[in-house]
Amino acid sequence: MVNLLDVQNVKRTFPRGGGEELLVLDDVTLSLKDGEIVGLLGRSGSGKSTLLRLIAGLSRPQGGALSYMGAPIEGPVQGVAMVFQGFALFPWLTVLENVQLGLEALNLPAREMRERALAAIDLIGLDGYESAYPRELSGGMRQRVGFARAVVVHPNILLMDEPFSALDVLTAENLRTDLVELWGNRKLPIKGIILVTHNIEEAVLMCDRVLLFSSNPGRVASEIKIDLPQPRDRTSPQFEDYVDKIYVEMTARRVERMRQQVGVAAIEMPLSHVSPNQISGLIEALSAAPYNGKADLPDIAYEQELEVDELFPVAEAMQLLRLAEVEGGDIKLTHMGKRFADGELNERKEIFSRALQNHVPLAAHIRKVLDERVSHSAPKTRFLDELEDHMPEDAAEETLKTVVSWARFGELFSYDDDAAAFSLENPT
Ligand code: ADP
Ligand code: MG
């Protein structure tokens, strides 16, 4: 049987300033079969939304090919519908009118339009709210309208772009459970679903297969088949094994990439914005019971109420500063990390300052330049220009911002936001 969707060696770039190109997707290959829910799991900025737009036919690739039920995708595809993170409802239309909007392109008689919209509203649990306006609904209900609007066209493929991430935990869980149930009972007029998420547990809960997406450029790095019957139990050991396995894969890849970066590009290594407070917080949590210095990454993420997107950069920063080591799915405080946890504020600052000098080449570089200048100061552009030779402008800004916040905490040098200048003034 022909696949619902085939994406083959797809490449997508965006123009950047100065005639340069930003490579967002490179050599992406995947397929969706009848009856499948496939998850795309990756960090923000890895190109997931870009890929969904290509699949919906809303933009074109620079290389490779996409096909829908065997036919090349060359423009907007009738049988593909999308649910967005933001609900994208029209505030001046009622629930019924918002849902009917999904049918506009099909040119159905008014009566059939209304019947189908009412059926979709009913199916998705909004019965009785047909004439309500979006502002009268909770976030969860609004997202149900978003789902109804996508489902009403009876699409063969439903694309969902982080559809639960704007909802509170409980509402999101209710909606996930309802969807899985509708899907399991074959009540949804849909043949296959692609779910974009950065939440590992969500992917394991809902998907038949999970594709792990790497960043810069976005690529399918690996695929994990979730061989568990629905409905799935989050607390079962098998469920936790899958979550662990995905964590381990994602961490292993990132740690490997970081090692390479440390080795190759010293000063020019991009740093994600992680504050000293986040680092101290995670060190304290790790050092306390029940972890006593070592934790399973999924466990501590869960306990700290962090998503992958939030935990990994902190863990990476701690590893860069040699305050912790990440191996397999574990994070472990180093000797220095333990001293930091036990230390008073002054000792913490000293440890931080030393770690910056020894392990963050950019921080050591800035300090050296300031030491050598008679004025002991330097404009921001002195370092920003240097970084921009090696990374995009926004990454350079973020890297510098990160180093500034770290250096402030460690009192290695200071930075005056108004003057946009570094100096050694009041460093102690
Ligand atoms: P994700 O959905 O995984 O968070 P996106 O697909 O939204 O990632 O974005 C991936 C990268 O592509 C980002 O660096 C983003 O800035 C860039 N990008 C996305 N759309 C455009 C566009 N229309 N023009 C320029 N850059 C874009
Ligand atoms: Mg996105």
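That block above? That's the structure.
Values in this document were obtained by computation on a predicted structure and should not be read as measured data.

Cut-offs applied
- Residues numbered from 1 in each chain as written.
- Chains lettered and ligands numbered in written order.
- Predicted model: local features only at pLDDT ≥ 70, side-chain atom pairs only at ≥ 80, totals over all residues.
- Heavy atoms only, no water.
- Phe/Tyr/Trp six-rings, centres within 6.5 Å; stacked < 30°, edge-to-face > 60°.
- Helix = DSSP H or I, 4+ residues; strand = E, 2+ residues; numbered from the N terminus.
- Buried < 20%, exposed > 50% of the residue type's maximum accessible area, 1.4 Å probe, protein only.
- Lys NZ or Arg CZ within 6 Å of the ring centre and 35° of its normal.
- Core = buried A, V, L, I, M, F, W, Y, C linked by side-chain atoms within 4.5 Å.
- Domains from an automatic or database assignment.
- Contact = heavy atoms within 4.5 Å.
- Pairing = 2+ DSSP bridges.
- Salt bridge = Lys/Arg side-chain N within 4 Å of Asp/Glu carboxyl O.
- Near = heavy atom within 4 Å.
- Polar contact = N/O pair within 3.5 Å; in protein donor to acceptor, adjacent residues only side chain to side chain.
- Areas by Shrake-Rupley, 256 points an atom, 1.4 Å probe, with all protein chains shown as cover.
- Nonpolar A, V, L, I, M, F, W, Y, C, P; charged D, E, K, R; others polar.
- Axes fitted to C-alpha atoms, helices over the stretch in contact; angles between N-to-C directions.
- 1 Å grid on protein atoms, 1.4 Å probe; cavity = no way out; pocket = protein on both sides within 12 Å on 5 of 7 lines; lining within 4 Å.
- Points joined across faces, edges and corners; volume = space filled by probe spheres on them.
- Parallel < 35°, antiparallel > 145°, perpendicular 65-115°, else oblique.
- Left-handed = near helix turned anticlockwise from the far one by under 90°.

A. Just the packing of aromatic side chains, in detail. Taken as a whole and judged by the stated rule, the model has nine aromatic pairs. Between F352 and W406, the ring centres sit 6.5 Å apart and the planes meet at 90°, which makes this aromatic pair edge-to-face. One end of the pair, F352, is in helix α12 (residues 345-359); the other, W406, is in helix α15 (residues 393-410), with 54 residues separating them in the sequence. Exposure class is identical for F352 and W406. Each is buried. Ring centres of F413 and F422 lie 5.7 Å apart, and the angle between their planes is 70°; this geometry places the pair in the edge-to-face category. Among the residues examined, F413 registers a relative accessible area of 2% and is labelled buried. Joined through ring pairs, the aromatic side chains of F340, F352, W406 and F409 make up one cluster. Here the guanidinium or amino end of K349 rests over the ring plane of F409, the centre of that ring lying 5.0 Å away.

B. Representation of the nonpolar core. Of all hydrophobic cores here, the largest spans 112 residues; its most connected members are I279, M318 and W406. Structurally, this core is a two-domain feature, drawing no fewer than three residues from each of domain 1 (5-248) and domain 2 (276-423). In this structure, M318 is in contact with I279, L282, I283, L286, L323, A324, I331 and L333, ignoring residues within four places of it in sequence. L5, V24, L66 and L159 belong to the second-largest nonpolar core, a separate cluster that totals 28 residues.

C. Representation of the pairing of strand β4 (residues 63-68). Strand direction decides the pairing type here: strand β1 (residues 5-15) and β4, joined by five bridges, are antiparallel. Residue pairing across strands places K11 opposite G63, the latter belonging to β4. As defined by bridge partners, β4 adjoins strand β5 (residues 71-72) across two bridges and the pair is classed as antiparallel. When the sheet's bridge partners are listed, Y68 is paired in β5 with A71.

D. Region of interest: the pattern of salt bridges. Applying the stated criterion across every chain yields a total of 20 salt bridges. Close ionic contact of R348 with E284 constitutes a salt bridge, the shortest N to O distance being 2.7 Å. With R348 in helix α12 and E284 in helix α8 (residues 276-287), the pair connects residues that are 64 residues apart, well separated along the chain. The class for R348 is buried, based on a relative accessible area of 12%. On the basis of relative accessible area, E284 is assigned to the partly exposed category, the value being 40%. Taking the shortest distance from any N to any O, the salt bridge between E411 and K349 comes out at 3.2 Å. In this pair, E411 is assigned in the loop between α15 and β15 (414-416) and K349 in helix α12, connecting sequence segments 62 residues apart. Judged by its relative accessible area of 31%, E411 is partly exposed. Linked by salt bridges that have partners in common, E173, R176, E201, E202 and R234 make up one network.

E. Geometry of the site of ligand 1. Looking at ligand 1, the residues that line it are F14, L22, V24, R43, S44, G45, S46, G47, K48, S49 and T50. Contacts to ligand 1 include K48, whose side-chain N or O atom sits 2.9 Å from an oxygen atom. Side-chain polar atom of S49 to an oxygen atom of ligand 1: 2.9 Å apart, as the coordinates give it. Within the complex, 57% of the 560 Å² of free accessible area of ligand 1 lies under protein. Elements that contribute at least two residues to the shell around ligand 1 include exactly β2 (21-32) and α1 (48-55). When residues of the shell around ligand 1 are assigned to their parent elements, the largest contribution, three residues, is made by α1. Here the residues of the shell around ligand 1 sort into three nonpolar, six polar and two charged.

F. Quick look at the sheet that holds β2. With antiparallel pairing, the four strands of this open sheet are ordered in space as β2-β1-β4-β5. Strands at the two margins of the open sheet, each flanked by one partner only, are β2 and β5. Sitting on the sheet, α1 is in contact with β1, β2 and β4, with an inclination near 120° to β1.

G. Structural context of empty space enclosed by the protein. All told, the structure shown has two cavities of 30 Å³ or more when counted by the stated rule. Size it by volume and the second largest cavity reaches roughly 40 Å³. Surrounding the second largest cavity, I37, L158, M160, L179, V180, W183, L188, I193 and M206 form its lining. Listed by contribution, the elements that provide at least two residues to the lining of the second largest cavity are β7 (157-161) and α5 (169-184). For the lining of the second largest cavity, the element with the highest residue contribution is α5, accounting for three residues.

H. Expanded view of the packing of helix α14 (residues 380-388) against α15. Packing of α14 against α15 leaves a shortest axis separation of 9 Å and a crossing angle of 130°. In terms of orientation, α14 and α15 fall into the oblique class. Considering only the axes of α14 and α15, their crossing is right-handed. Only E393, A396, E397, T399 and L400 of α15 make contact with α14, whose side of the interface consists of K380, F383, L384, L387 and E388. Grouping the constituent residues of the contact of α14 with α15 by class yields five nonpolar, one polar and four charged.

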